[in-house]
Amino acid sequence: MAERKKPGFGRQLAELHRWNAWLVAFLAVSGLLLSWGAARGWLGEGRVWLKQLHIYLGLLIAILLVLYGPLMKRHLKQLRARPRQRGNLTFVLVLLVGWLLSGIVLWQFRHLPPRWANGALLVHDLLTWIGLPYLVYHSVARLRWMRQPEKRAVRVLEESAEPMEKGSAALRVPYPAADPQAWMSRKQFIRWTAGAAIAAAVLPSFLRWTKGTWDSLAPSTTGGGMSDKADPNRMLPAPEPLPDSANVIGGGAEGRFRVYTVTALPRFDSGSWTFAIDGLVDQPGHWNWEAFLQLERTVQVSDFHCVTGWSVYHNTWEGIPLRQLLAAAGVKPEARYVKFYSGDGEYTDTLSLEQAQMEDVMVAVLHDGKPIHRDYGGPVRLIVPKMYAYKSVKWLARIELIEKPHTGFWEQRGYDNDAWV
Ligand SMILES: Nc1nc2c(c(=O)[nH]1)N[C@H]1C(S)=C(S)[C@@H](COP(=O)(O)O)O[C@H]1N2
Ligand SMILES: [Mo]
């Protein structure tokens, strides 16, 4: 068998480019799916797999960069006279390295200081916001039929009724013939249109993201990492904050909550809202809003960590310690687990009785002195500061004491039952 020839420089570059394009395309789609709230529910267990795949394929970028390393000098030299292409190359390299490094921090965040993950997430997101539209544009602008209009002309002519001989002069005329008088060539026109369409599609959500991120970096004056838009819940009367809560003894939350839900966002009204504790207890409890507000509350300051890498620091929460609710209900000896039901009708989670007795587990009603906004689980959410936030059931409506273990929503989809931070 003949020995295979080492591919030439140009071929090597082309191969790397092709692999890179496919990898980035896959990472873009999987990354968008992973970060898209609505997909969290229907991806189910697939989400955990998709995330693993996203990570491992993302690490392959490192291999491509290593393979590219030795070619880079010559490549740059080749592009000396083409500043646009050099600029493109530099930008893409910065993107890849940035995505890779921030991705590694997000992947290994459990072994790193928690604040790193917030920074990495910011970088990963920012690069995606800027880089992805650019790469989409880049790929559209380089589609073969746009780069070589004569190829397209062939197709058009072939389709036309009058068959033409291949290679005839007409075929070699770019289609449509470049008109020196036209203020913009067809190619330019398509590029501008594509660019404008991409910008129009991305810009509004990008601006929203920027504003949210900006707000989250500035220390809170408006009620911390939660949105200050009007609350769709109608809970009257509003809970009166205790002094520690009104004074926001934590100093205001730092960081921003991402709104997560596995259903459409529910909404609640004090007329119909209820809260219950039942199951293996001596004294089942059932409250409407007004009665619920009579329960004695306390204030705590704690951090909130999502297992996907973001955190919100020193939240001032006010609510009823779960321990206090359990004590009042009288837990029966056969009870072993505490099951939490969300008022969204879907989401549940559990703690062992022992975990549920931790002093900082709270049925929270206020955050930084304000009622908890609907988007963040209001009027009432659980918080379990020592565990990842998937234990912190939003729109908490019912607590049941049970004997047999129950597997919560995310635990059914691959998350650990014990979610210690
Ligand atoms: N009902 C309900 N509770 C939930 C979730 C959810 O999707 N539905 N997501 C959990 C996860 S994974 C996190 S990180 C936090 C997010 O809280 P936030 O949406 O207020 O930021 O809520 C937790 N509680
Ligand atoms: Mo989470």
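Residues numbered from 1 in each chain as written. Chains lettered and ligands numbered in written order. Predicted model: local features only at pLDDT ≥ 70, side-chain atom pairs only at ≥ 80, totals over all residues. Heavy atoms only, no water.

(A) A look at the sheet that holds strand β10 (residues 396-402). Ordered in space as β2-β1-β10-β5-β6, the 5 strands form an open sheet in which the pairing is mixed. The open sheet has two edge strands, β2 (285-288) and β6 (348-352), and neither has a second partner. Strand-to-strand twist in this sheet, taken as the mean axis angle between neighbours without regard to direction, amounts to 15°. Pairing of strand β5 (residues 337-342) with β6 involves 5 bridges; the strand directions are antiparallel. Residue pairing for β6: valine 338 is matched across the bridge by leucine 351. Where helix α12 (residues 322-329) meets the sheet, its contacts fall on β1 (274-279), β2, β5 and β10, and the angle it forms with β1 comes to roughly 60°. (Pairing = 2+ DSSP bridges. Helix = DSSP H or I, 4+ residues; strand = E, 2+ residues; numbered from the N terminus. Axes fitted to C-alpha atoms, helices over the stretch in contact; angles between N-to-C directions. Contact = heavy atoms within 4.5 Å.)

(B) The pattern of salt bridges, seen in detail. By the definition in use, this model includes 11 salt bridges. Measuring nitrogen to oxygen at the nearest pair gives 3.3 Å for the salt bridge that ties aspartate 349 to lysine 391. Taken together, the residues aspartate 349 in strand β6 and lysine 391 in the loop between β9 (381-383) and β10 connect sequence positions 42 residues apart. Here the two residues aspartate 349 and lysine 391 agree in accessibility, since each one is buried. (Salt bridge = Lys/Arg side-chain N within 4 Å of Asp/Glu carboxyl O. Buried < 20%, exposed > 50% of the residue type's maximum accessible area, 1.4 Å probe, protein only.)

(C) The arrangement of the confidence of the model for the protein in detail. Considering every residue of the protein, the mean pLDDT works out to 86; 85% of them sit at 70 or more. Counted against residues more than four places away or in other chains, residues 151-177, with its pLDDT under 50, gives 19 contacts. (pLDDT = per-residue confidence, 0-100.)

(D) Broad picture of a positive patch on the surface. Together, Lys73, Lys77, Arg80 and Arg86 give the surface a local cluster of positive charge. By relative accessible area, arginine 86 is classed as partly exposed at 31%. (Patch = residues over 30% accessible without salt bridge, like charges linked within 9 Å, V, L, I, M, F, W, Y side chains within 5 Å. Areas by Shrake-Rupley, 256 points an atom, 1.4 Å probe, with all protein chains shown as cover. Lys, Arg positive; Asp, Glu negative; His and termini not counted. Charge placed at Lys NZ, Arg CZ, Asp CG, Glu CD.)

(E) Molecular detail of unusual backbone geometry. Residues leucine 236 and proline 237 are joined by a peptide bond in cis, for which omega reads 0°. Omega for the bond connecting glycine 378 with proline 379 falls within 30 degrees of zero, at 15°, which places this linkage in the cis form. The topology assignment puts proline 379 in the loop between β8 (370-371) and β9. Non-glycine residue histidine 314 carries a positive phi angle of around 30°. Of note, histidine 314 is situated in strand β4 (residues 311-321). According to the relative accessible area criterion, histidine 314 is partly exposed, its value standing at 25%.

(F) Representation of a nonpolar patch on the surface within the structure. Side chains of Tyr56, Val97, Leu101, Ile104 and Trp107 sit close together on the surface and give an oily, nonpolar patch of about 440 Å² of accessible area. At 4 residues, the largest contribution of residues to the nonpolar patch is made by helix α4 (residues 83-107). Take tyrosine 56: it is sitting in helix α3 (residues 46-78).

(G) Region of the structure containing the site of ligand 1. Taken together, the neighbourhood of ligand 1 is formed by 21 residues, with Arg258, Tyr260, Arg381, Ser392 and Lys394 sitting nearest. Considered on its own, ligand 1 offers 530 Å² of accessible surface; in the complex 100% of this is hidden by protein. A breakdown of the residues in the shell around ligand 1 according to their chemical character gives 13 nonpolar, 3 polar and 5 charged. (Near = heavy atom within 4 Å. Nonpolar A, V, L, I, M, F, W, Y, C, P; charged D, E, K, R; others polar.)

(H) Region of interest: the nonpolar core. Core analysis: the largest hydrophobic core is formed by 65 residues, its most contacted members being Phe275, Phe292, Val363 and Ile399. Top contributing element to this core by residue count: strand β7 (residues 362-367), with 5 residues. Residue assignment places this core across two domains, with domain 1 (9-147 + 186-217) and domain 2 (243-413) each supplying three or more. Residue contacts for phenylalanine 292: discarding those within four places in its chain leaves Trp273, Phe275, Trp287, Ile320, Val363, Val365 and Val380. (Core = buried A, V, L, I, M, F, W, Y, C linked by side-chain atoms within 4.5 Å. Domains from an automatic or database assignment.)

(I) Region of interest: the pairing of β6. Most of β6 sits inside the fold, with 5 of its 5 residues counted as buried. Residues Thr348, Thr350 and Ser352 point to one face of β6 and Asp349 and Leu351 to the other, with burial holding for every one of them. Counted along the chain from β5 to the antiparallel partner β6, the turn is 5 residues long, and its residue glycine 345 has a positive phi close to 85°.

(J) Up close: the pairing of β4. Counting buried positions over the 11 residues of β4 gives 10, a clear majority of the element. Both strand β3 (residues 298-305) and β4 contribute to a ladder of 7 bridges, which runs antiparallel. Among the inter-strand pairings, phenylalanine 304 is bridged to a residue of β4, identified as valine 312. Here β3 folds back onto β4 in antiparallel fashion, the turn holding 5 residues, of which glycine 309 has a positive phi close to 120°. By the bridge criterion, 5 bridges tie β4 to β7 in an arrangement that is antiparallel. What sits directly across from tryptophan 317, in β7, is histidine 367.

(K) Expanded view of the packing of helix α1 (residues 9-35) against α3. Taken N-terminus to C-terminus, the directions of α1 and α3 make an angle of 150°; their axes are 9 Å apart at the nearest point. Taken as axis vectors, α1 and α3 run roughly antiparallel relative to one another. Like other packed secondary-structure pairs, α1 and α3 cross with a definite hand, here left-handed. Of the residues in the contact of α1 with α3, the class split is 19 nonpolar, 8 polar and 3 charged. (Parallel < 35°, antiparallel > 145°, perpendicular 65-115°, else oblique. Left-handed = near helix turned anticlockwise from the far one by under 90°.)

(L) Just the packing of aromatic side chains, in detail. Under the criterion given, the structure shown has 20 aromatic pairs. Note on phenylalanine 91 and tyrosine 134: the rings are 4.8 Å apart at their centroids and 85° apart in plane angle, and the pair reads as edge-to-face. Within this pair, whereas phenylalanine 91 is found in helix α4, its partner tyrosine 134 is found in helix α5 (residues 114-141), the two being separated by 43 residues in sequence. Residue phenylalanine 91 is classed as partly exposed on the basis of its relative accessible area, which comes to 28%. Aromatic side chains phenylalanine 257 and phenylalanine 304 sit 4.9 Å apart centroid to centroid with 65° between the ring planes, which places their arrangement in the edge-to-face category. Here phenylalanine 304 lies in strand β3 and phenylalanine 257 lies in the loop between α10 (243-246) and β1, a separation of 47 residues in the sequence. Note on phenylalanine 257: relative accessible area 3%, which makes it buried. Three or more aromatic residues link up through ring pairs in this structure, and these residues are Phe257, Tyr260, Phe304, Trp310, Trp317 and Tyr376. We note arginine 74 situated over the ring of phenylalanine 9; from NZ or CZ to the ring centre the distance is 3.9 Å. When the ring centre of tyrosine 341 is taken as origin, the NZ or CZ atom of arginine 398, which lies over that ring, is 4.4 Å away. (Phe/Tyr/Trp six-rings, centres within 6.5 Å; stacked < 30°, edge-to-face > 60°. Lys NZ or Arg CZ within 6 Å of the ring centre and 35° of its normal.)

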